[in-house]
Amino acid sequence: MRHPVSRGFLAAAVLSLLSLIPDSASAAKSLTLRVNDARGGPGDLVAVVVRTYASRPIGQGQLCIGARKRPPRGASTALLATEAPFVKLERAEVFSARGDARFSVTFDEQEATLRFNSPTGSINAADGPLAVLYFRLSNQVVDRDVYEISVDVAESTLFDGSGQRIEIDSKPGQLEIRDGDHEAEDLEVEVSSGKVKAGKVARVMIGTGSPVRLASGRIALRYDPKLISGRPWVRIDPRYGKATVVVSTDTAGLVTITFQSPDKSLNGVPGDLFEVRFPTSRQAPRGRTALTLDRSLTFLRGSDGDLLDLQLTNGALVVR
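One structure accompanies this document, and this report is about it. From a predicted model like this one, the values you see are computed outputs, not experimental measurements.

## Here we look at the overall build of the protein chain
Per the secondary structure count, the protein chain includes 3 helices and 26 strands. Here the protein chain, with 320 residues, has 46% of them falling under the buried criterion.

Below, the structure written as structure tokens:
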């Protein structure tokens, strides 16, 4: 069965989250800000995405985001802290469900300070990417160097629509430097998942780590058909770009996602482009089950229409 995904329906689903007001118990919990991993070579533009895993509407706030080199064992952290992977911040974006986020950003000494507000308090009304910052890498970065990119919690503040402070914590990401001669380097497409209790719905993410704009393509994901009790379905997040999508689940054990992005905006913000939901069977085999991208059926075209070389990274779902 082929399932066209309605963009209007997706927008309505995001906006409906505005009605979710956290209760006093959830309000007391901290909001985790995760910085996605990124890769780039000398002179490249890299996208640093800050995302959440919980919908907590934000009215205004400030995030300070910086990078520091991970020192080898036994090396002095102080000596390495001055090494600078970024030469400038080229642009930034903050997302809100109502599209009314306003922001300003400064960049000094390898730290960006992003200040933002939303009159409707709809920033992070839906979990996922909260903001993205596009940094230009220095020509002096070295292949295989690794930097930690993190939100400085001590210098960052978030408030909900009523002015109540939201406690935050941070999970840093990793910036990996690749060889400067990487024009034909593969675009990595990765499957990621976690654990699910048999009989519940499993979430499987398919995404990238590099801001390579896509015009069209197809993703083919294979799984053990004994895993599910009904048809999988696919969700897409418009914050990663615009696309029309057709999903096919006609073949047992296979989900195909075919898409067109007329304005070539998809994956301008890298991350979890597609979310596949699997209604698992109560009799699903316990333990790890493979989730495999079918290389013979999967392809992506860049903004110029040319086929991209892909590096496919498979995943697994743990059924308890």
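## A look at the nonpolar core
As a rule of thumb, nonpolar side chains are buried together in soluble globular proteins. Counting residues in each nonpolar core, the largest one holds 42 residues, and the members touching the most others are I206, L221, I257, F274 and F278. The element contributing the most residues to this core is strand β22 (residues 272–279), with 4 residues. Contacts of F278, omitting those with residues within four sequence positions, involve K200, V201, A202, V204, L221, Y223, L227, I228, P232 and V255. Counting 34 residues, the second largest nonpolar core, distinct from the first, contains A38, A101, V151 and I177.

## Points about the packing of aromatic side chains
Applying the stated criterion across every chain yields a total of 4 aromatic pairs. Between R51 and the ring centre of Y53, over which it is positioned, the NZ or CZ distance is 4.1 Å.

## Some words on the pattern of salt bridges
Per the stated rule, a full pass over the model turns up 12 salt bridges. For the salt bridge of E176 with R39, the shortest nitrogen-to-oxygen distance reads 3.9 Å. Residue E176 is found in strand β14 (residues 173–177), and its partner R39 is found in strand β3 (residues 38–40); the two are separated by 137 residues along the sequence. Overall, E176 belongs to the partly exposed group, its relative accessible area being 32%. Measuring nitrogen to oxygen at the nearest pair gives 3.2 Å for the salt bridge that ties K69 to D145. With K69 in strand β5 (residues 60–69) and D145 in the loop between β9 (128–137) and β10 (146–151), this pair connects stretches of sequence that are 76 residues apart. The class of K69 is buried, set by a relative accessible area of 14%. Residue class for D145 comes out buried when judged on its relative accessible area of 15%.

Quick notes on the rules
Residues numbered from 1 in each chain as written. Predicted model: local features only at pLDDT ≥ 70, side-chain atom pairs only at ≥ 80, totals over all residues. Heavy atoms only, no water. Helix = DSSP H or I, 4+ residues; strand = E, 2+ residues; numbered from the N terminus. Buried < 20%, exposed > 50% of the residue type's maximum accessible area, 1.4 Å probe, protein only. Core = buried A, V, L, I, M, F, W, Y, C linked by side-chain atoms within 4.5 Å. Contact = heavy atoms within 4.5 Å. Phe/Tyr/Trp six-rings, centres within 6.5 Å; stacked < 30°, edge-to-face > 60°. Lys NZ or Arg CZ within 6 Å of the ring centre and 35° of its normal. Salt bridge = Lys/Arg side-chain N within 4 Å of Asp/Glu carboxyl O.

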